[in-house]
There are 2 protein chains.
Amino acid sequence: MSLIIQNIEKHVQLTAEEKELFLSKTEIHHYKAKSILLSSGEICKYSYFVNSGILRSFNINDNIVEHVLNFACEGWWIGDMYSLLSQKPGNLFIQVLEDAEIVLLSKKNQEELYLEIPKLERFFRILTENSLVANQERLMDGLSLSAEERFEKFCKKHKDLIHKVPQKQIASYLGVTPEFFSKMKAKMLKRT
Amino acid sequence: MSLIIQNIEKHVQLTAEEKELFLSKTEIHHYKAKSILLSSGEICKYSYFVNSGILRSFNINDNIVEHVLNFACEGWWIGDMYSLLSQKPGNLFIQVLEDAEIVLLSKKNQEELYLEIPKLERFFRILTENSLVANQERLMDGLSLSAEERFEKFCKKHKDLIHKVPQKQIASYLGVTPEFFSKMKAKMLKRT
DNA sequence: TTTTGCACTTAACCTAGATTAAGAAGTTAT
DNA sequence: ATAACTTCTTAATCTAGGTTAAGTGCAAAA
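Everything numeric in this text was worked out from a predicted model, so none of it was measured. (Residues numbered from 1 in each chain as written. Chains lettered and ligands numbered in written order. Predicted model: local features only at pLDDT ≥ 70, side-chain atom pairs only at ≥ 80, totals over all residues. Heavy atoms only, no water.)

**Student:** Report on the pairing of strand E3 (residues 46–60) of chain A, specifying residues and quantitative values.
**Tutor:** Residues and elements named next belong to chain A. Burial within E3 is extensive, with 12 of its 15 residues counted as buried. The pairing of E3 with strand E6 (residues 93–106) spans 11 bridges and is classified as antiparallel. Each bridged residue has a counterpart across the sheet, and for Arg56 the counterpart in E6 is Gln95. With 2 bridges connecting them, E3 and strand E5 (residues 77–78) associate as antiparallel partners. Each residue of the ladder has a partner; that of Phe49, found in E5, is Trp77. Alignment of E3 against strand E4 (residues 66–73), held across 7 bridges, turns out to be antiparallel. Bridge pairing links Ile60 to Glu66 in E4. (Buried < 20%, exposed > 50% of the residue type's maximum accessible area, 1.4 Å probe, protein only. Helix = DSSP H or I, 4+ residues; strand = E, 2+ residues; numbered from the N terminus. Pairing = 2+ DSSP bridges.)

**Student:** Report on the relation of the copies chain A and chain B, specifying residues and quantitative values.
**Tutor:** For the pair chain A and chain B, the best superposition has an RMSD of 0.0 Å and corresponds to a rotation of 180° with a translation of 0.0 Å parallel to the axis. Expressed as an axis order, the relation between the two copies is that of a two-fold axis. The C-alpha atom lying nearest the rotation axis in chain A is that of Arg125 of chain A; the distance is 2.3 Å. In this assembly, 100% of the residues forming the interface of chain A have copies in chain B that are likewise at the interface, indicating an isologous arrangement. (Least-squares fit on C-alpha atoms with pLDDT ≥ 70 in both. Contact = heavy atoms within 4.5 Å.)

**Student:** Before we move on, can you summarise the protein's contact with DNA strand C with the specific residues and values?
**Tutor:** The environment of DNA strand C is formed by 15 residues, the closest being Ala147 and Thr177 of chain A together with Gln167, Lys168 and Ser182 of chain B. Expressed as a percentage, the sugar and phosphate content of the atoms of DNA strand C within 4 Å of the protein is 74%. Within the side chain of Lys185 of chain B, an N or O atom sits 3.3 Å from a phosphate oxygen of DNA strand C. Counting residues per element, the ones that place at least two in the surface near DNA strand C are helix H6 (147–157) and helix H9 (178–191) of chain A together with helix H8 (167–174) and helix H9 (178–191) of chain B. Residue classes in the surface near DNA strand C are distributed as 4 nonpolar, 5 polar and 6 charged. (Near = heavy atom within 4 Å. Polar contact = N/O pair within 3.5 Å; in protein donor to acceptor, adjacent residues only side chain to side chain. Nonpolar A, V, L, I, M, F, W, Y, C, P; charged D, E, K, R; others polar.)

**Student:** Describe in detail the packing of helix H8 (residues 167–174) of chain A against H9 of chain A, supporting the description with residues and values.
**Tutor:** Residue and element names in this part refer to chain A. At their nearest, the axes of H8 and H9 sit 9 Å apart, and the two run at 100° to each other. In terms of their interaxial angle, H8 and H9 are classed as roughly perpendicular. For the pair formed by H8 and H9, the contact residues are Gln167, Lys168, Ile170, Ala171 and Leu174 on the first element and Pro178, Phe181, Ser182 and Lys185 on the second. (Axes fitted to C-alpha atoms, helices over the stretch in contact; angles between N-to-C directions. Parallel < 35°, antiparallel > 145°, perpendicular 65-115°, else oblique.)

**Student:** Which residues make up the protein's contact with DNA strand D, and what values go with them?
**Tutor:** As a matter of local geometry, DNA strand D sits amid 15 residues, with Gln167, Lys168 and Ser182 of chain A together with Ala147 and Thr177 of chain B nearest to it. Of what DNA strand D places within 4 Å of the protein, 75% of the atoms are sugar or phosphate. Here a phosphate oxygen of DNA strand D sits 3.0 Å away from a polar atom, N or O, in the main chain of Lys168 of chain A. Measuring from a phosphate oxygen of DNA strand D, one finds a side-chain N or O atom of Lys185 of chain A at 3.3 Å. Residue composition of the surface near DNA strand D, grouped by class: 4 nonpolar, 5 polar and 6 charged.

**Student:** Tell me about the packing of aromatic side chains, and name the residues and values.
**Tutor:** Residues and elements named next belong to chain A. The full count for this structure, using the stated rule, is 20 aromatic pairs over all chains. Summarising the aromatic geometry, the rings of Phe58 and Phe93 are spaced 5.1 Å apart at their centres and angled 15° between planes, so their arrangement reads as stacked. Taken as a pair, Phe58 in strand E3 and Phe93 in strand E6 lie far apart in primary sequence, 35 residues in all. Here Phe58 falls in the buried class, since its relative accessible area comes to 3%. Classification of Phe93 as buried rests on a relative accessible area of 17%. (Phe/Tyr/Trp six-rings, centres within 6.5 Å; stacked < 30°, edge-to-face > 60°.)

Next comes the structure, spelled out in structure tokens:
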């Protein structure tokens, strides 16, 4: 059973025909590490589901400073929600960090599927709700926790990622510079 | 035509009967400024839609420090998404800042409505999507903008709120202390 | 009308985290 | 293997924003 169908069936049940229809509207692609799936200024045409590998979304400040919005690994969705919904040019990049197998679902097919399989409207509603809750928590953490506390929370939540992605990108996700992150990490280790 | 129906019809069209059914599943309440509609530790049972007045959601740190998550004025929805979805105790407060007329939609009724009027599944999906996009932008702003820049953005986006809510709460929303906010504001005025 | 209590300001001092710079260590390509 | 890059570390110095504290102005009790 494909990972993406399992993912959907966590929230809504599909018949065999519905599964087939769904899969017929997706494409599977393989990408090497460092590939860019979406660039700032482009219109996002797909939702990306990760079968294997690791992706990240980030934007680049006027300056040249990157800020990581999200990581996605096995079983996660990623995309530029703003651009995907508005069909206007976004300001996110989506990049492969570790060789990846990705399921692509185009916006057009997604909307057709909403009409053909209304249950999917529910699925994506729930997916978006969960994503919103996670984002709100991260927002509040940014307002109320120190960098150390945010890092500890990150470690608990993303054990797998810590040794797989360059730490400068974890620093960026947490909202600190790589230099400060390195210093902080050393201090935390010494304390243990 | 009631404000909440107008709000829904921005995204999906309802028949006269559907409108009636929807409204029959809501309650209208009036609250005085400072009322608390939801406290930390409680399970959130309603989505709140603001007909008039102003609400805010916030949490309180171990310390005693408040952090404003959101403001809601006329035509906006507010709630504790985490608690509402999980039906577990949340950590948000929801409070009235200016005398308000509020439409309450219980979780139970909302779920019944999804079955009775599947179009509403679409409506709430779109609502949640838009909310997620706004949250992601705020998150990125927190990572990449200075307090001044965040304040300028806030002013453009919420002209109405600036003179209606205590500025210590705007400070909190922006993630700075009231003292720093006051200093920053004075500096910005002098510069003009 | 006085008092109590917030909201706001100002100012001195403090610190988490940024910046700059330079070297060490690990990767990738040749 | 070696060159060329990138990531990570360390350290000195700097600053946006926090903390503490005292004072002002104003609205709601009493």
